[in-house]
Every structure is written in C-alpha cells, then in structure tokens.
Protein chains: 2
Amino acid sequence: MKVIDGSITAPQGFMAQGACAEIKKKNKMDVGIIYSTNKSQAAGVYTTNIVRAACIDICKKNLADGTAQAIVVNSGNANACTGEQGRHDALEMTKATAQILGIDPQDVLVASTGVIGEFLPMKNILVGIDAAAHNLSESGAENVAAAIMTTDLFPKEVAVEFEIDSCPVRIGAIAKGSGMIHPNMATLLGFITTDADIDSACLSACLQESVNRSYNMISVDRDTSTNDAVLILANAQAGNNKIDYSNPEGLAKFQKALDFVNIKLAKMIARDGEGANHLIEVQVVNAEDVEKARKIARSVISSNLVKAAVFGGDANWGRIICAMGYSGAEFDQNKVDIYLGEVKVAQDGCRYDFSEELAHNELLNENIIIKIDLNAGEHKATAWGCDLSYDYVKINADYRS
Amino acid sequence: MKVIDGSITAPQGFMAQGACAEIKKKNKMDVGIIYSTNKSQAAGVYTTNIVRAACIDICKKNLADGTAQAIVVNSGNANACTGEQGRHDALEMTKATAQILGIDPQDVLVASTGVIGEFLPMKNILVGIDAAAHNLSESGAENVAAAIMTTDLFPKEVAVEFEIDSCPVRIGAIAKGSGMIHPNMATLLGFITTDADIDSACLSACLQESVNRSYNMISVDRDTSTNDAVLILANAQAGNNKIDYSNPEGLAKFQKALDFVNIKLAKMIARDGEGANHLIEVQVVNAEDVEKARKIARSVISSNLVKAAVFGGDANWGRIICAMGYSGAEFDQNKVDIYLGEVKVAQDGCRYDFSEELAHNELLNENIIIKIDLNAGEHKATAWGCDLSYDYVKINADYRS
C-alpha cells in the first residue's frame, strides 16, 4: 500500500467540485458535490444522537438499497432542529443535485454542518449546487475538502493505492472535525470514495469497523452531534476480483487500507482540535480485551484535566489514572504502568521515581504519546486528541458571530 | 425550618478545629477534625471510581457498624495511588486522632484531597492532627471549612434548625468542590453533622437520596474522583422522638432539611467552579420520570459547549438540545421548549422567533436559568454548574505548581 496524491477523485470514475454560496462568509467554499460516473455500492455510519438532522434520515433511507451515486454537502448551517421545513430543504438539496446530474434523487446522499436551529438559505444553496454540479472535475476534490470546513484550520485529504490480486485499487477520503475533537462538540463528516469492486454487506461492515478504530477513538460514543456522518461510495471501476467474504485476503487488504485512510484523517482532526497545540496519542496496551482498552483510551483522551495538564506541560499522571478509573472498564490498578513519551511516571499504580524535567520536556513535543500498560492481556487500542487551551474557550464562547 | 449561623458545630455536642500543617502553603489551614462528644450514628456516600484512595476503603470499613465519633481530613495531598504506604498512612491518621481523643480508631473516619500519587508528609500531618485535636471547640468549624479547601475561592458552610414533634433539631454542614464542578475534576468532600436521633438505616437512605438530588446533580455519575466522600454523623443529642420508618412525618422533615443543606452547598460548589463567572441552573420540567429528567439536566450542565456559550453570552440553544440528545434519555424532540431565563428560544424542538438582544441580556446575569420543558409528564429535576472561561484552563494547566 502506498500513499498517493489527492483524495476523493484519486480513485477512477470520481469527480467533485465546491462552490461559494455565501452561507458562511463571502468567498468561502461552502457547498460541495462528490459524483461517481456510475451507480456505486454505498454505506454510511451516523450519529447516535436522538436529536438528529433530517439529512441523516434521508441518507439512511436512500442507502436502504445499498447504492448511491453522489453526495451533496454544505457547511455554515446544520439544518438541524428545523422541523418539517428542514426535511423539505434537505430533500430539495438531493433533488436539485439529481436533476443537474441526471440521476435519481434517491441516489444522492446529503450532509450539512454548522449552526443548529436556523433554516437553510435555500436560494444560496441552490446557486451553490448549480455551480458545483456544472463544474465537476477530477481536480475539484480540494474545493470540496474546503467546502466542508467550519472551524477547521486546514482541509483534510488523503488517498492510498494498494493491490487486490495484482490489480491496483484506490481509496480516497476527505473529512472535517474540529470542535475540541469530540463529535459532540461539532459535526464530524467523512466522505470516502473507492474504485474497489466490493460486496455491499462487506463494504458496510468494513466501514463500521474502521470507524470504530478511527473516528470513534477521537470521541466518546455517547457524545455525538446532530449531524455526524461518514459515507463511502465504491464504484467497482478498478476491475479487481470482487471483494467479498469468500475472499478473506482481499477483504483484509481493503480493511487495512480503509483503516489507514480513516486513522490518518482522525489524527488530522484531533491535531486540528479547536485551539490545539499538541496531538495527544493515548496507547493502551496489554489489556484483557479490545473493548476494555478502547474504553480506557477514550476516557483518558476525553478528560479536560488531562488536556489542560498537557497544555500546561504538567506531568500530572494522577489525572490519567483517575480518568482510567471512571472509564467504566474494570482493571487492576496495582498493575498499571504509565509512560509520558519515553519517561515512566507510574509503576504498579503508584508514582515512579521520575525526573520532572524529563517528563516536562516530553510534554513540549508537538506529538505526545501517553502509554498505559495494563499488564493484563494481549489486546490494545489507541485514541487521539488534543490539549485544552485558552483558545478553545475563545473559539467556543462566541461561535455564532 | 430556618437557616441559622454556623455549620458543623451548630448541632449540640459537636466540636471542630483546623490546623496549619504546611501541606499546602505556609499559614494555610490544611488539617481538620470534627468530633462528637458521644458515639454517633453515621453514614457515607463515596466515589464510584475504581481507582480510589485508601481513606475511602477505611471509611467503608469503619462504617460497617453504622457508627463513628470523629472525622479527620487533610487537603493538599489526596493520598491516592500511593499503595501500601498510603493505606498505612491513612490508618495512622485515624490512630493518631483516636489516641488524642481517647476513642477507638475504628470510630474515626478519614478523608484527603489534593494531588494524586504523592505520599503524605506524615510528620506534618501528625503535627496538624495534634494541634487540631487539642484545640477542638464549638468555634472551630470555620477553620475546618477552610482546611478542606483546594482551589475553592471561598469556604462553604450552612446550618439549619427545624422541629421534630416540637423538639428543635439542627443539621450543619461544610463542603469543598471547585474543579469546574465535576467531581471528576477535583475531589468533592461534604461533612454533615446533626443532633437528630435517627435510625441508622434511615440515616443512610436519607443521605443517599439527598446526594442524588444535590452533589450528583452538579456532576455526571461516572465522572468521579479518587477521593469523593460525603459523611454524616448523627449524635441524638437533640433528644427528639427517634426518626425511623414508623415516623414518616419526622423522616420527611429530616429529609427536607438535609436536602436543603446539601443543595445549598452543591450550588455554592457550582458557583465556585474554577474560573466561573456564572451559576447556571438547568431545570428540566414535565418529564415522564425523574431519572430521565436527571439524565437530561446533567447532560446539558456538563456540556463544554453550553458552558462556553454562556461565558460568551451567546444564546446558542442548539448546543442545549444537542446535549439533551446524547444524554441517553429518550424524549420527543418535537415537544421540547427551551427558555433562557424569561426568554423562550425554542418551541416544539425548533427555533422560536426570539430577540437575540433579550436572550443575550439573560446571559449577563450572575445566575442563569436554562429551563427545558419536555411536555411529556409531571416529573422534574434540577442541575447546577458554571460557565467555562479562560481562567478554568489557566487554573488547570499547572495545578501542581
């Protein structure tokens, strides 16, 4: 597998384009369309928040047959908590896109991100859809990556190429996050394209597993926004031997590539957390099972106190073990070893005689690794996040203005 | 029921004292003792964090018989994650206190709060215990209230008097909190004294219910520190007709007074959250059941985004309904009305046509009420918290130094 240039238009048969519809600010991309030249296998993973935008329900309905051909998205307005009008507007987005592209509205998926509780400025939206749909091209991917940004500081794109039975296959993706990296803090959107020929059920299962290992490890499951969605289109144009459950080797290769792409984007999202100065990686190793390792890693990465301590360069490992303790996972505290980078700070659940200076130095790195060894089994999990800074508060104190 | 001066020594037969043992800084109270002149009925509610300090286990053990006579506490060091040495030191605190007071060490309860993972400076602790125990007095309560403070800006004391069958009975209490008001963010300690004559099982049940309505409503259940504890001593010196399950009227009066005391302290803790400028009260009304109302209230009060919006004076009600949605409680989003103070901002789950200026003005008040009407039943719950400010980050970025 190798990383290649580009993102969602790197796989064969995909085109994309963004447009400035003045939903956000003047001259900012805020509408985007992703299009496959043929109808594709498709799957989605969505927010579990019971307050959800109409676009989520429309995606679920349109994906009931496991196929789709285009995605339309806007930023600047989440179209959530907007009732019947909101549902009508989201459907209008799929219809307008379908009409220009000459496809069935039910093959168009829709996503929105931004402020909750305001109606979409449909006139602007439709102008944006018109502009994007009429200018689709293989070079339009970066405009869509820009069009989905809200408080993100940089666009997030990645693409890889790998082989299935000697046939080159590509996966490309874009994402947006920010908001202190909790999806509850802002919408997380991920759009993935691939030219792989893959069975619909396999595609769906691979996506869910990959989301568990990536985007769900920069969040706490129950903390989800009204609009979170990760969508994938697989158009089979690579012409590989079909990936399905009778082809475990191919399936494993696809899963590995998909995980790489999603983890790469998840880490970019974490690093770009609002006000962040550091990417924090929490590695939980030697756990009894994966679920336990994930719970502990997520609990530590979600702790405001751990985040603030990293911001302050304070090797306060007590906050780490405290966050482990309320994670909901059982473990033997007397077996826990904790490392900040190379520096062991706790052993057998107690303070280890470490150099405060060396530990402080580890916290000055841009990328900080907190390693937690449970000494209880062979399973592991990794979670990613960022520090909590003054700027996080500043950004969120007056987000709407 | 009336509020009276003082706190833990307001009920008959209680004495208290604090001491400066230089565990925190020079000339700061950091050791305290609370003492009843007779052996008392006693009960406790503790952290659910599986990483917990030895003092929690010692309290549980010493309260197995439902009685105690004294409480010894220190701030500046939590004596958590300190292994066998920590257990030994916590026992030493009970023994030293018991010896001076001439009581059984098993009748002494112990609590600690402060940094995790450092051994207690036992020499200082013992000097502090000696000074406090030899100077117990009815006027020492405020010194103990000061001795349990960590980043708290002001001590928290309250006392009330009420009548059981025409006999005056008193309850007094002190507490400490801070740490952005989540008990996971810092230890929550509460110490309550009463001269009521009350059955041991009733006392325990009343305390648990009262904690559910007060301290647990400024927190999320799973987010607990290593040292949280609320302890109560009831020494029966008021001479009232015994409160037990055969005396429902007396029991209800006691519960009401205990709730008043604990809610008063809980609100003080919320207002004194690190860096806080506002006390936020979230009222959930017309819920199908109490548990649902509590879950939703706690979820909203715990949202960093809601807290930051209040700090910024931004009437961003979408963040409120979003936090409701991931609370884990089921509700009909189309029936939800939301008010900021007097201003209705959402109706039937959608934006209500409100004046941004009036809503902004509501958020300038020191005390802010967010009312959520579920229009689904007759139950309610209230939660308290504070805004998220720059100062919260500042305080927590370098807590240890």
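In what follows, the accompanying structure is described. (Residues numbered from 1 in each chain as written. Chains lettered and ligands numbered in written order. Predicted model: local features only at pLDDT ≥ 70, side-chain atom pairs only at ≥ 80, totals over all residues. Heavy atoms only, no water.)

1. Let's talk about the pattern of salt bridges
Residue and element names in this part refer to chain B.
- Overall, the coordinates contain 34 salt bridges over all chains when judged by the stated rule.
- Across the pair Lys2 and Glu161 runs a salt bridge whose closest N-O atoms are separated by 3.9 Å. Linking Lys2 in strand β1 (residues 2-4) with Glu161 in strand β6 (residues 156-164), this pair joins segments that are 159 residues apart in sequence.
- The shortest N-O distance in the salt bridge between Arg87 and Asp57 comes to 3.9 Å. Separated by 30 residues along the polypeptide, Arg87 in helix α2 (residues 83-101) and Asp57 in helix α1 (residues 54-62) bring together distant segments of the chain. (Salt bridge = Lys/Arg side-chain N within 4 Å of Asp/Glu carboxyl O. Helix = DSSP H or I, 4+ residues; strand = E, 2+ residues; numbered from the N terminus.)

2. Here we look at the side chain of Lys176(A)
- Inspection of the secondary structure assignment puts Lys176(A) in strand β7 (residues 167-176).
- If we ignore the near neighbours within four places in the chain, the residues touching Lys176(A) are Thr113(A), Ile148(A), Thr150(A), Asp152(A), Thr187(A), Leu188(A), Leu189(A) and Ile269(A). (Contact = heavy atoms within 4.5 Å.)

3. Here's the deal with the pairing of strand β3 (residues 31-46) of chain B
Residue and element names in this part refer to chain B.
- Pairing between strand β2 (residues 14-19) and β3: six bridges, direction antiparallel. Opposite Phe14, over in β3, you have Ser36 as the bridge partner.
- Pairing of β3 with strand β4 (residues 67-77), which is carried by seven bridges, proceeds in the antiparallel orientation. The residue of β4 that forms the bridge with Tyr35 is Ala70.
- Strand direction decides the pairing type here: β3 and strand β9 (residues 229-234), joined by six bridges, are antiparallel. Bridge pairing in β9 places Tyr46 opposite Ala229. (Pairing = 2+ DSSP bridges.)

4. Let's talk about helix α5 (residues 200-213) of chain B
Residues and elements named next belong to chain B.
- Across its 14 residues, α5 extends 20 Å between first and last C-alpha, which sits within 8% of the 20 Å expected from 1.5 Å per residue.
- Among all positions in α5, only Cys202, Leu203, Cys206, Leu207, Ser210, Val211 and Asn212 are buried.
- Of the residues that open α5, the one with a side-chain oxygen 3.2 Å from the backbone nitrogen of Ala201 is Asp199. (Expected span 1.5 Å × (residues − 1). Buried < 20%, exposed > 50% of the residue type's maximum accessible area, 1.4 Å probe, protein only. Polar contact = N/O pair within 3.5 Å; in protein donor to acceptor, adjacent residues only side chain to side chain.)

5. A look at the sheet that holds strand β15 (residues 379-386) of chain B
Residue and element names in this part refer to chain B.
- With mixed pairing, six strands are arranged side by side in an open sheet as β13-β12-β11-β14-β10-β15. The two strands at the open ends of the sheet, each matched to only one other strand, are β13 (350-351) and β15.
- Relative to the sheet, helix α6 (residues 248-271) contacts β10 (279-287) and β15, its axis offset from that of β15 by approximately 40 degrees. (Axes fitted to C-alpha atoms, helices over the stretch in contact; angles between N-to-C directions.)

6. Some words on the packing of helix α7 (residues 290-302) of chain B against helix α9 (residues 317-325) of chain B
All names here are of chain B.
- As a packed pair, α7 and α9 sit with axes 8 Å apart at the nearest point and diverge in direction by 130 degrees. Between α7 and α9, the angle is such that the two are oblique. For α7 against α9, the interelement crossing comes out right-handed. Of α9, the residues touching α7 (which contributes Ile296, Ser299 and Val300) are Ile320, Ala323 and Met324.
- The class makeup of the residues in the contact of α7 with α9 is five nonpolar, one polar and no charged. (Parallel < 35°, antiparallel > 145°, perpendicular 65-115°, else oblique. Left-handed = near helix turned anticlockwise from the far one by under 90°. Nonpolar A, V, L, I, M, F, W, Y, C, P; charged D, E, K, R; others polar.)

7. What about the packing of aromatic side chains?
Residue and element names in this part refer to chain A.
- One pass over the full model with this rule turns up two aromatic pairs over all chains.
- Measuring from ring centre to ring centre gives 6.4 Å for Phe162 and Phe254, while their planes differ by 55 degrees; the resulting arrangement is tilted. Of the two residues, Phe162 is situated in strand β6 (residues 156-164) and Phe254 in helix α6 (residues 248-271); the sequence distance between them amounts to 92 residues. Each member of the pair, Phe162 together with Phe254, is buried.
- The side chain of Lys344 reaches across the aromatic face of Tyr352, ending 5.0 Å from its centre. (Phe/Tyr/Trp six-rings, centres within 6.5 Å; stacked < 30°, edge-to-face > 60°. Lys NZ or Arg CZ within 6 Å of the ring centre and 35° of its normal.)

8. Quick word on the environment of Ala175(B)
Residues and elements named next belong to chain B.
- Mapped onto the elements of the fold, Ala175 is located in strand β7 (residues 167-176).
- Judged by its relative accessible area of 1%, Ala175 is buried.
- With residues near it in sequence (within four places) discarded, Ala175 still touches Ile148, Lys156, Leu189, Gly190, Tyr215, Leu265 and Ile269.

9. Observations concerning unusual backbone geometry
Residue and element names in this part refer to chain B.
- Positive phi is not limited to glycine here, since Asn79 has a value of about 45 degrees.
- In the Ramachandran plot, Cys81 falls in the positive-phi region, its phi being about 60 degrees despite a non-glycine side chain.
- Of note, Cys81 is situated in the loop between β4 and α2.
- A relative accessible area of 4% places Cys81 in the buried class.

10. Notes on the pairing of β9(B)
All names here are of chain B.
- Along β9, six of the six residues are buried, which leaves the element largely enclosed by surrounding structure.
- Side-chain alternation along β9 places Ala229, Leu231 and Leu233 on one buried face and Val230, Ile232 and Ala234 on a second face that is also buried.
- Relative to β9, strand β8 (residues 189-194) runs parallel, the two being bridged by six bridges. Counted as the bridge partner of Thr194 is Ala234 from β9.

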